[in-house]
Each structure stands twice: as C-alpha cells, then as structure tokens.
Amino acid sequence: MIRRFTVCAGVVLIAAVGGVACHHKKPQAPAPAPVSAPAPPPTNPATPPPPPPAPTPAQPAPPTEDEAFKAKTLDQLNAEKPLADALFLYDSTDLSNEARALLQKDVDWMKKWTTTKVMVEGHADSRGTNEYNLALGERRAQAVKNVLVALGIPAGRIQTISYGKERPEIPHSDDSSYAQNRRGVTTVN
C-alpha cells in the first residue's frame, strides 16, 4: 500500500507542479474605449439642399438684316434716308455726274430690297411761277426715274410727283438755299 501511496503522491505532485508551471496570468479585461461626449441633438431637421437654378432660356438670335428691314415702317425707313437726293442746276433737268453716282447707290439699294417701291419728288426753287415750277419739278422727277430705269430698276417700282416750289428744303432766298431746293427726292413708298 505504501507503494500505491507513493505513486499517487507522485502523480499529485507532478500534476501540481505541471499546473503551476503551465499556469498563465489571468488576462486582464481590455480597457474600455474612451467615451466621447454625445453629439448634441440637431436643433433643426436636416433641410434638403436648394434645387439647382432653372436653366436660363436661350436668347433669341438677333434678327437677320432682312427681318429687321421688314419690321420697319415706311416712316422709319425714310427717316434713315437710304436714298439720296439728286440736285439740279438752275432751270435745268440735266443730272450731273455726281448726281448720277448718287443714283447708282440708290439703284444698288433698290436691287438689294427688291420689294420696295419708290416715289421720286421733283422740286424747284422759289423763282418763277407756280405753273412753271410744277412743270419743271415734273421733268426733274422724270429725269431721275429715267436714270433709275436705265440702271436696271423696273419702271413699275417708281412713281413720280412734282411739288414745284411748294416744299422747299431750305426756305431762304439766297443762292445756296436755291441750290438745295432744286432737287429730285427719292423716298420709299
């Protein structure tokens, strides 16, 4: 029995020594995470971002030259004076080279704007009788029309009228004023 006791005591001793030698330290619990201050509750509920601005409408294209021309009244066109006046010498219906050059520009304008019709007014200065100046004004208007037709404008687009000395450009009685009043005036009609 002693032998058994010795064997048992030896096993207990080995187990005790083995248990102490293999014994590990108790693991320590992990440190708690630092606690941050709680976020304050929102004072306003979150508002959605504003909607994007509406797209700006496309700007209309500027009018074409033809559209701008068609939008003008006769008064507006004539206020712009697109057509030149032809001046005449005293008691004459002959057109100078300078007057013919101006009428060429009128023809160019009329060829560009083919739907236009014009009125050629014949004027005279204040010297002479009313009857004589009306007849002279008519011959001057017809002289301007003849040049316009010769340069390619259809006669049906041109009317003539004589005002004689009734509508002076400059109502004075001096040579400079007389020269400005002896004219053929072309207006858009």
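Computed from a predicted structure; not experimentally measured.

Peer 1: Help me out: how do you make sense of helix α5 (residues 130-150) in this one?
Peer 2: Given 3.6 residues per turn, any residue in an α-helix points the same way as the ones three and four places further on. In this model α5 runs 30 Å from its N-terminal to its C-terminal C-alpha over 21 residues, within 8% of the 30 Å that 1.5 Å per residue would give. Here α5 has its buried residues at Asn 133, Leu 136, Gly 137, Arg 140, Ala 141, Ala 143, Val 144, Lys 145, Val 147 and Leu 148. Immediately beyond the C-terminal end of α5, within one or two residues, lies Gly 152, with a positive phi of roughly 110 degrees.

Peer 1: Quick question: what am I supposed to make of the pattern of salt bridges here?
Peer 2: Any two side chains of opposite charge can pair if their charged atoms end up close together. Applying the stated rule across the entire model yields 7 salt bridges. Note that Asp 125 and Arg 127 form a salt bridge whose closest N and O atoms lie 2.9 Å from each other. Asp 125 sits in the buried class, given a relative accessible area of 4%. Of the charged contacts, one joins Arg 182 and Asp 125 as a salt bridge, the two residues approaching to 3.2 Å between their closest N and O atoms. Note that Arg 182 is positioned in the loop between α6 (175-181) and β4 (183-188) and Asp 125 in the loop between β2 (118-123) and α5, a separation of 57 residues in sequence. In this pair, the class of Arg 182 matches that of Asp 125, namely buried. Look at the salt bridges and you will find they share partners, linking Asp 125, Arg 127 and Arg 182 into a network.

Peer 1: In this structure, what is going on with the packing of helix α4 (residues 97-112) against α5? I would like to understand it.
Peer 2: Axis separation between α4 and α5 bottoms out at 10 Å; the angle between their running directions is 60 degrees. Between α4 and α5, the interaxial angle falls into the category oblique. Handedness of the crossing formed by α4 with α5: right-handed. Two secondary-structure elements touch here, α4 through Arg 100, Leu 103, Asp 106 and Val 107 and α5 through Val 144, Val 147 and Leu 148. When the residues that make up the contact of α4 with α5 are grouped by side-chain class, the tally is 5 nonpolar, no polar and 2 charged.

Peer 1: Any chance you could explain α4 here in plain terms?
Peer 2: Between its first and last C-alpha, α4 extends 23 Å over 16 residues, near the 22 Å set by a 1.5 Å rise per residue. What α4 keeps buried is the set Ala 99, Leu 103, Asp 106, Val 107, Trp 109 and Met 110. Looking down the long axis of α4, one finds its buried residues gathered within 160 degrees of arc, a one-sided arrangement. Exposed and facing more than 90 degrees away from the buried side of α4 are Asn 97, Glu 98 and Lys 105. In the core, the buried residues of α4 are packed alongside α2 (65-71), β1 (86-87), β2, α5, β3 (158-164) and β4.

Peer 1: Which parts of the structure should I look at to understand the pairing of β4?
Peer 2: Two faces make up the sheet, and in a regular strand the side chains alternate between them. Counting buried positions along β4 gives 5 out of 6 residues, so the element sits mostly inside the fold. Bridge analysis of β1 against β4 gives 2 bridges, and the strand direction is antiparallel. Among the inter-strand pairings, Ala 86 is bridged to a residue of β4, identified as Gly 184. Note: β2 against β4, 5 bridges, orientation antiparallel.

Peer 1: What am I meant to see in the side chain of Ser 162 here?
Peer 2: Among the secondary structure elements, Ser 162 is positioned in strand β3. Separated by 3.2 Å, the side chain of Ser 162 and the backbone nitrogen of Glu 138 make a polar contact. A polar contact is formed between the side chain of Ser 162 and the backbone nitrogen of Gly 164, at a distance of 3.3 Å. Setting aside residues up to four positions removed in sequence, Ser 162 forms contacts with Gly 122, Asn 133, Leu 134, Gly 137 and Glu 138.

Calculation criteria
- Residues numbered from 1 in each chain as written.
- Predicted model: local features only at pLDDT ≥ 70, side-chain atom pairs only at ≥ 80, totals over all residues.
- Heavy atoms only, no water.
- Helix = DSSP H or I, 4+ residues; strand = E, 2+ residues; numbered from the N terminus.
- Expected span 1.5 Å × (residues − 1).
- Buried < 20%, exposed > 50% of the residue type's maximum accessible area, 1.4 Å probe, protein only.
- Salt bridge = Lys/Arg side-chain N within 4 Å of Asp/Glu carboxyl O.
- Axes fitted to C-alpha atoms, helices over the stretch in contact; angles between N-to-C directions.
- Parallel < 35°, antiparallel > 145°, perpendicular 65-115°, else oblique.
- Left-handed = near helix turned anticlockwise from the far one by under 90°.
- Contact = heavy atoms within 4.5 Å.
- Nonpolar A, V, L, I, M, F, W, Y, C, P; charged D, E, K, R; others polar.
- Arc of directions from axis to C-beta.
- Pairing = 2+ DSSP bridges.
- Polar contact = N/O pair within 3.5 Å; in protein donor to acceptor, adjacent residues only side chain to side chain.

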